[in-house]
Amino acid sequence: MFKKILIANRGEIAVRIIKTCRKMGIKTVLVHSDADTGSLAYEMADETIHIGGSPAAQSYLIQDKIVDAVRQSGAEAVHPGFGFLSENPVFARRLEAEGITFIGPNPHAIEAMGDKITSKKFAAEAGVSTVPGHMGLIETTEEAVKIAREIGYPVMIKASAGGGGKGIRVAESDEDMAEGFAAVKAEALTAFGDDRVFLEKFIVNPRHIEIQVLGDKHGNIVSLFDRECSIQRRNQKVIEEAPSPLLDDATRKLMGDQAIALARAVNYDSAGTVEFVAGQDRSFYFLEMNTRLQVEHPVTELITGVDLVEQMIRSAAGETMAFGQDDLKINGWAIESRIYAEDPYRGFLPSIGRLVRYEQPEEGDQGDYTVRNDTGVREGDEISMFYDPMIAKLCTWGETRIEAVEGMARALEDTHLNGVGHNVPFLAAVMDQERFRSGNLSTSYIKDEFPEGFTGVPAGALQKDVMVAAAVAMNEIISDQSGDPSQRTDWIVLIDSQPIGVSVGYDDEEALTLELTGEDRVLSLSDIDWRPGQAQFRGVLASSGEEGDAFTAEVKRVADGFEIRSRASKSRVRVLSPAVAELFARLPEKVAADTSKLIQSPMPGLVVSINVEPGQAVKTGETVAIIEAMKMQNIMKAERDGVVKLVGAKAGDPVAADDVLVEFE
């Protein structure tokens, strides 16, 4: 077994690899860029070696620097994690030539399966069902449009070397194809150093299901069953689970057998994933094979008990797999939510900055569910513009799917982030949706359920109870600590503008009781955990003698009350005397500022181009600017006809969120 492994990656996957290496008694060496100096992985590794500037093209993607670091450290093997050089056959072959072990599949398998175009041809020759498309290289926009017409819209434009949701667009028309083809080529060149693009038919209302395979260097290959990754946004997976709620045992075995056959055809000898697009009728087609560890591997580990990082290391060291297919069973259900630094209220645009607060849910057995949180950042760390904005992969396991889902909803409640925009409220909204709970999924789920984008969810009955109870309790605590208790028992709680009458008291067990006026219902709040300045309010809430449920709400004091978020619902909550509540009801609502004549930067980033100039007439839908952030190009279009009054930036300028790019007359 290896004594020292170099990790050619960063963030949460570097932390994940270090944890397994520690368990196995293996020393770790971490290479790092400027931006990652002092990171969590940096502090956890046994040794660290600086390899360059913050952009990946100056550090993590430079093979010479990785090899030099291996020589300098005396490491025997390199684990590439995912992304960066993990699916680069040239890098794998170079390590092999240098006498360094690559912890991943053999270069032939990477070359055959890692390239999206080659893998499609290979799969077709092996008799695997594939999605209709054009697998040859496409050089020009005109050629792309012609081929798309032959395939039939909608068509997916994909970067051959793509991954992680980058370098993908769906075109519904010739215009979409012309614009998307250029954008995908540009993104692919920036992210992967390879601008090759191919096209395939976009299957309507599909599901994304993948099979985890594992092989060793002695010809043994097994399937560790399936994962459903249909909840996606911009072709980036957001919520994954294992197993898939769609599959029956027969389909699961058929997909597993096909994945194993494909892996066996290239002598696959590590962890890998065979991805399929599936119809709602359980028909399925091969999409691609990812010749690396997947981001969502924790859900497979939770239902099988297999440490995939450990198995990759053992396989690379030449060990024979210690188990066979008959030894593997599905145990329970697991859900993974990817927590991103992005603002769901602003179209999920990336958000960068410092994590001023980061409170994580307690890991381990929580009774009805188990929590695992894979993260690479801590409170006080900075989310950099140079890398993907993922903060954590929050996972829950339960004996049944609904237990795993309800566990995830609670774990999300126990997650508090401040300093950057984040998608926790959105993830919580999905967990509470009846459609998600029923397992009726598709890759268009987010588009279907949130067609106008995410603006939060109106407070339901449970959220209103939580908000009322938390607000009254905080009001009581603040009054007691200020030495000026009001002694008032009757209050009006305003949730936004909705009044709820409350009569406050205490029961024999010292729980706070709240009799809701006109509802013939009493809430009982116990186990209160909050003090002024604390960002999370915890308690157990019961209604009219029912058994109480634990909850966590995110709270913040504001000038005339509190701002409270319960799962996906956020409201301004005021605790007022009846007389003051009547006055509040008469106040006019504040009118939002008119920004209809402005095109503003939706995020911090870099201006790629400004496509208009002062005095130019612009039509609705016309591209006016392109902003690059987190390695993704964002096209800004005019939302109405108009004439440009002024341009506030130029190509190459850094911009902040809400900076004015273009103003119309």
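Residues numbered from 1 in each chain as written. Predicted model: local features only at pLDDT ≥ 70, side-chain atom pairs only at ≥ 80, totals over all residues. Heavy atoms only, no water.

## A word on the overall build of the chain
Consideration 1: Of regular secondary structure, the chain possesses 17 helices and 40 strands.
Consideration 2: A globule of 665 residues ought to have a C-alpha radius of gyration of about 26 Å, and the chain, at 27 Å, matches this closely.
Consideration 3: With the C-alpha coordinates of the chain rotated into their principal frame, the extents come out at 80 × 65 × 50 Å.
Consideration 4: Burial analysis of the chain (665 residues in total) assigns 56% to the buried set.
Consideration 5: For the chain, the computed accessible surface area is about 27500 Å², with 48% contributed by carbon and sulfur atoms. (Helix = DSSP H or I, 4+ residues; strand = E, 2+ residues; numbered from the N terminus. Rg over C-alpha atoms; globule rule 2.2 N^0.38 Å. Buried < 20%, exposed > 50% of the residue type's maximum accessible area, 1.4 Å probe, protein only. Areas by Shrake-Rupley, 256 points an atom, 1.4 Å probe, with all protein chains shown as cover.)

## What to know about the pattern of salt bridges
Consideration 1: Overall, the coordinates contain 60 salt bridges when judged by the stated rule.
Consideration 2: Between Asp414 and Arg410 there is a salt bridge whose closest N-O contact spans 3.8 Å.
Consideration 3: On the basis of relative accessible area, Arg410 is assigned to the buried category, the value being 16%.
Consideration 4: Among the charged side chains, a network of salt bridges with common partners joins Arg16, Lys23, Glu301, Asp307, Glu310, Arg314, Glu319, Arg372 and Asp374. (Salt bridge = Lys/Arg side-chain N within 4 Å of Asp/Glu carboxyl O.)

## Details of the side chain of Gln232
Consideration 1: Its place among the elements puts Gln232 in strand E11 (residues 221-233).
Consideration 2: Here Gln232 falls in the buried class, since its relative accessible area comes to 11%.
Consideration 3: Engagement of the side chain of Gln232 in a polar contact is seen with the side chain of His208, the distance being 3.1 Å.
Consideration 4: Once you skip the residues sitting within four places of it in the chain, Gln232 turns out to touch His208, Lys237, Val238, Thr443 and Ile446. (Polar contact = N/O pair within 3.5 Å; in protein donor to acceptor, adjacent residues only side chain to side chain. Contact = heavy atoms within 4.5 Å.)

## Things to note about the pairing of E11
Looking along a regular strand, one sees side chains alternate from face to face of the sheet.
Consideration 1: Taken across its 13 residues, E11 has 13 buried, putting it largely inside the fold.
Consideration 2: Across six bridges, the pairing between strand E10 (residues 207-215) and E11 is antiparallel. Directly across from Leu214, in E11, lies its bridge partner Val222.
Consideration 3: Counting the residues that bridge the hairpin from E10 to E11 gives five residues, and of these Gly219 lies at a positive phi of roughly 90°.
Consideration 4: Where E11 lies against strand E12 (residues 236-242), four bridges are found, and the strand directions are antiparallel. (Pairing = 2+ DSSP bridges.)

## Some details on the state of the cysteines
Consideration 1: The tally for this structure, following the rule as stated, stands at zero disulfides.
Consideration 2: With no disulfide of its own, Cys229 has Cys395 as its nearest cysteine by sulfur position, at a separation of 12 Å. (Disulfide = S-S within 2.5 Å.)

## Observations regarding the side chain of Glu296
Consideration 1: With respect to the element layout, Glu296 can be found in the loop between strand E14 (284-290) and helix H10 (297-304).
Consideration 2: Its relative accessible area of 1% is what places Glu296 among the buried residues.
Consideration 3: At a separation of 3.1 Å, a polar atom in the side chain of Glu296 contacts the side chain of Gln294.
Consideration 4: Beyond its immediate stretch of four places on either side in the chain, Glu296 contacts Glu210, Arg227, Cys229, Lys237, Glu240, Glu336 and Arg338.

## What about the sheet that holds strand E20 (residues 364-365)?
Consideration 1: Spatially, the nine strands line up as an open sheet ordered E14-E13-E10-E11-E12-E15-E23-E21-E20, and their pairing is antiparallel. Of all strands in the sheet, those with a lone pairing partner are E14 and E20, marking the two edges.
Consideration 2: Of the pairings in the sheet, the one linking strand E21 (residues 370-375) to strand E23 (residues 390-398) comprises six bridges and is antiparallel in character. Residue pairing for E23: Val371 is matched across the bridge by Thr396.

## A word on helix H6 (residues 116-125)
Consideration 1: Among the residues of H6, Lys116, Ile117, Ser119, Lys120 and Ala123 are the ones counted as buried. Looking straight down H6, one finds its buried side chains confined to an arc of 165°; they lie on one side.
Consideration 2: Backbone geometry just after H6 places Gly127 at a positive phi near 85°. (Arc of directions from axis to C-beta.)

## A short note on helix H12 (residues 401-413)
Consideration 1: The terminal C-alpha atoms of H12, which comprises 13 residues, lie 19 Å apart, in line with the 18 Å expected from a rise of 1.5 Å per residue.
Consideration 2: For H12, the full list of buried residues reads Arg401, Ala404, Val405, Gly407, Met408, Ala409, Arg410, Ala411, Leu412 and Glu413. (Expected span 1.5 Å × (residues − 1).)

## Some thoughts on unusual backbone geometry
Consideration 1: For the bond from Tyr153 to Pro154, the omega torsion is 0°, close enough to zero to count as cis.
Consideration 2: Relative to the assigned elements, Pro154 resides in the loop between helix H7 (141-151) and strand E7 (155-163).
Consideration 3: Unusually for a residue other than glycine, Phe225 sits at a positive phi of about 75°.

## A short note on the packing of aromatic side chains
Consideration 1: Going through the model one piece at a time under the given rule, you end up with eleven aromatic pairs.
Consideration 2: The interplanar angle of 85° and the centroid separation of 5.6 Å between the aromatic rings of Phe426 and Phe454 together place this pair among those described as edge-to-face. In this pair, Phe426 sits in helix H13 (residues 424-432) while Phe454 sits in the loop between helix H15 (445-449) and helix H16 (461-481), placing the two residues 28 residues apart along the sequence. For the residue pair Phe426 and Phe454, the accessibility class agrees, reading buried in each case.
Consideration 3: Cluster of aromatic residues (ring-pair linked, three or more members): Tyr345, Phe348, Phe426, Phe450 and Phe454.
Consideration 4: The ring centre of Phe436 lies 4.9 Å from the NZ or CZ of Arg401, which sits over that ring.
Consideration 5: Taking NZ or CZ as reference, Arg488 lies 5.7 Å from the ring centre of Trp491, over its face. (Phe/Tyr/Trp six-rings, centres within 6.5 Å; stacked < 30°, edge-to-face > 60°. Lys NZ or Arg CZ within 6 Å of the ring centre and 35° of its normal.)

## Thoughts on the sheet that holds strand E27 (residues 512-516)
Consideration 1: Read once around its circumference, the closed barrel built from eight strands follows the order E25-E26-E27-E28-E29-E30-E31-E32, with strand pairing classed as antiparallel. The average undirected angle you get between the axes of adjacent strands in this sheet is 35°.
Consideration 2: Bridge count for strand E26 (residues 498-506) against E27 is five bridges, and the pairing is antiparallel. Bridge pairing in E27 places Gly505 opposite Thr513. (Axes fitted to C-alpha atoms, helices over the stretch in contact; angles between N-to-C directions.)

## Overview of the pairing of strand E2 (residues 27-33)
Consideration 1: Counting buried positions over the seven residues of E2 gives six, a clear majority of the element.
Consideration 2: For the crossover that starts at strand E1 (residues 4-7), traverses helix H1 (residues 11-24) and ends in the parallel E2, the hand is right-handed.
Consideration 3: Pairing analysis gives five bridges linking E2 to strand E3 (residues 47-52), with the strands arranged parallel. Its bridge partner lying in E3, Val29 is registered against Glu47. (Right-handed = clockwise from strand over helix to strand, strands pointing away.)

## What to know about the environment of Lys570
Consideration 1: Its place among the elements puts Lys570 in strand E32 (residues 569-576).
Consideration 2: Accessibility expressed as a relative area gives 44% for Lys570, which makes it partly exposed.
Consideration 3: Residues Lys570 and Lys65 lie 505 residues apart in sequence; the distance between their C-alpha atoms is 48 Å.

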